[in-house]
Amino acid sequence: MVFEGLSEKLQNVMKKIRSAGRVTEKDVKEMMREVRMALLEADVNYKVVKDFIAKVSERAVGQEVLESLTPGQQVIKIVHEELIQLMGGAVAKLTVSPSPPTVYMMVGLQGAGKTTVCGKLANYLRKQGKRPLLVACDVYRPAAVKQLQVLGKQIDIPVFEMGTGTSPVEIAKKSVDYARSMQFDTVIIDTAGRLHIDEELMHELENIKLSVKPHEILLVVDSMTGQDAVNVAESFNNRLDIDGIILTKLDGDTRGGAALSTKAVTGKPVKFVGIGEKLSDFEPFYPDRMASRILG
Ligand code: GDP
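What you see is a predicted model, and the numbers here were worked out from it, not measured in a lab.

(A) Geometry of the overall build of the chain. Regarding its fold elements, the chain presents 12 helices and 8 strands. A compact globule built from 296 residues would reach a C-alpha radius of gyration of about 19 Å, and the chain, at 21 Å, matches this within 12%. Taking the principal axes of the C-alpha coordinates as reference, the chain spans close to 70 × 40 × 30 Å. For the chain, the share of sequence-separated contacts (at least 6 apart) that also reach a separation of at least 24 residues comes to 77%. A total of about 13800 Å² of accessible surface is found on the chain, and carbon and sulfur atoms cover 50% of it. With 39 positive and 38 negative side-chain charges, the chain shows a spacing of 3 Å between the two charge centroids.

Rendered as structure tokens:
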């Protein structure tokens, strides 16, 4: 399960800190060295770790900690608060357009779980009372259109498709008109993915963005890919100015680095997480719960 290693290491450090009767500046330094190691081993981006440690250290050597009766507890509280901030602070909600349909454009590399997330998000939003329409814009792989149709059938949510002979821009535009005329209030566009980021893919995604002006562009990244997930997020964000990130496969054997790094590196929050292969294995990302889980 995600964060198991990090959690175990940090909990050991915290145990030591908690029992500290008095804390000197030197002790704080020593504690931070261990926290730093634990974060790096969890594959958290090195620059993110550096900034995090600097912030925590600065607060932890402050008067109120060193002179407190429970300095260990104070340090833990600071680590906890800064972990929450690192992951974005509050829960990041989805934008909903006052004049429907709200359009969500899903982007990401092939295999990240994008198509699955389209189904999961549609299912989730319907439970919130929405009426979503799924849109198949990956025209390069006939199997991708089929996959979305199969998903749609499973959850009984309609899929708008025009096969593989029409341009994705055209399909996306038509789908929004269709949604408006058929009273769908939410449009979820599944775009093409590639194994690697390339110019052609980015160009196409930019064109879809320009022509349908989605209310949100959500990047789907595989948390199992660690540092790569962060690089992917940075590249997509530079080109498309994304609105949020959906991290998949948090149920796997991931070390959690991506969950802790992407917000700091891109400035864009993680909005949802995929926690399994089932369509119901999907939930909003709660930075405070995640921080509590990490610190035990
Ligand atoms: P796409 O190429 O980005 O559209 O990726 P797919 O949606 O086809 O997903 C790729 C694989 O990842 C599939 O086998 C999915 O079942 C699997 N997958 C997607 N999300 C999750 C998740 O949160 N947890 C796990 N364990 N598997 C996932």
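(B) Focus on unusual backbone geometry. In this chain, P100 is followed by P101 through a cis amide linkage whose omega measures 5°. In this fold, P101 is placed in the loop between α5 (71–86) and β1 (102–107). Located in the positive-phi region is D156, a residue other than glycine, with phi close to 60°. By the element assignment, D156 lies in the loop between α7 (142–155) and β3 (159–160). The phi angle at D241 is positive, at roughly 50°, despite the residue not being glycine. Examined against the element boundaries, D241 turns out to sit in the loop between α10 (227–240) and β6 (244–248). Here D241 falls in the partly exposed class, since its relative accessible area comes to 47%.

(C) Representation of the confidence of the model for the chain. When pLDDT is averaged along the chain, the result is 92, and 99% of the positions lie at 70 or above. Here the prediction assigns the complex a pTM of 0.94, and the interface score ipTM is 0.99.

(D) Looking closely at the UniProt feature "domain: SRP54-type proteins GTP-binding" (unreviewed entry) in the chain. Annotation from UniProt places "domain: SRP54-type proteins GTP-binding" (unreviewed entry) at residues 269–282. Helix makes up 0% of residues 269–282 and strand 43%, whereas the separation of the span's terminal C-alpha atoms amounts to 16 Å.

(E) The nonpolar core, seen in detail. Within the largest apolar cluster, 74 residues are counted, with the highest numbers of intra-cluster contacts made by F236 and L260. Take this core: its biggest share by element is 7 residues, from α5. With near-sequence residues (within four places) excluded, F236 lies in contact with V107, G108, L109, I197, L201, M202, L205, L219, D241 and I242.

Scoring rules and cut-offs
Residues numbered from 1 in each chain as written. Predicted model: local features only at pLDDT ≥ 70, side-chain atom pairs only at ≥ 80, totals over all residues. Heavy atoms only, no water. Helix = DSSP H or I, 4+ residues; strand = E, 2+ residues; numbered from the N terminus. Rg over C-alpha atoms; globule rule 2.2 N^0.38 Å. Contact = heavy atoms within 4.5 Å. Areas by Shrake-Rupley, 256 points an atom, 1.4 Å probe, with all protein chains shown as cover. Lys, Arg positive; Asp, Glu negative; His and termini not counted. Charge placed at Lys NZ, Arg CZ, Asp CG, Glu CD. Buried < 20%, exposed > 50% of the residue type's maximum accessible area, 1.4 Å probe, protein only. pLDDT = per-residue confidence, 0-100. UniProt positions renumbered as here; feature names shortened; annotations may be inferred. Core = buried A, V, L, I, M, F, W, Y, C linked by side-chain atoms within 4.5 Å.

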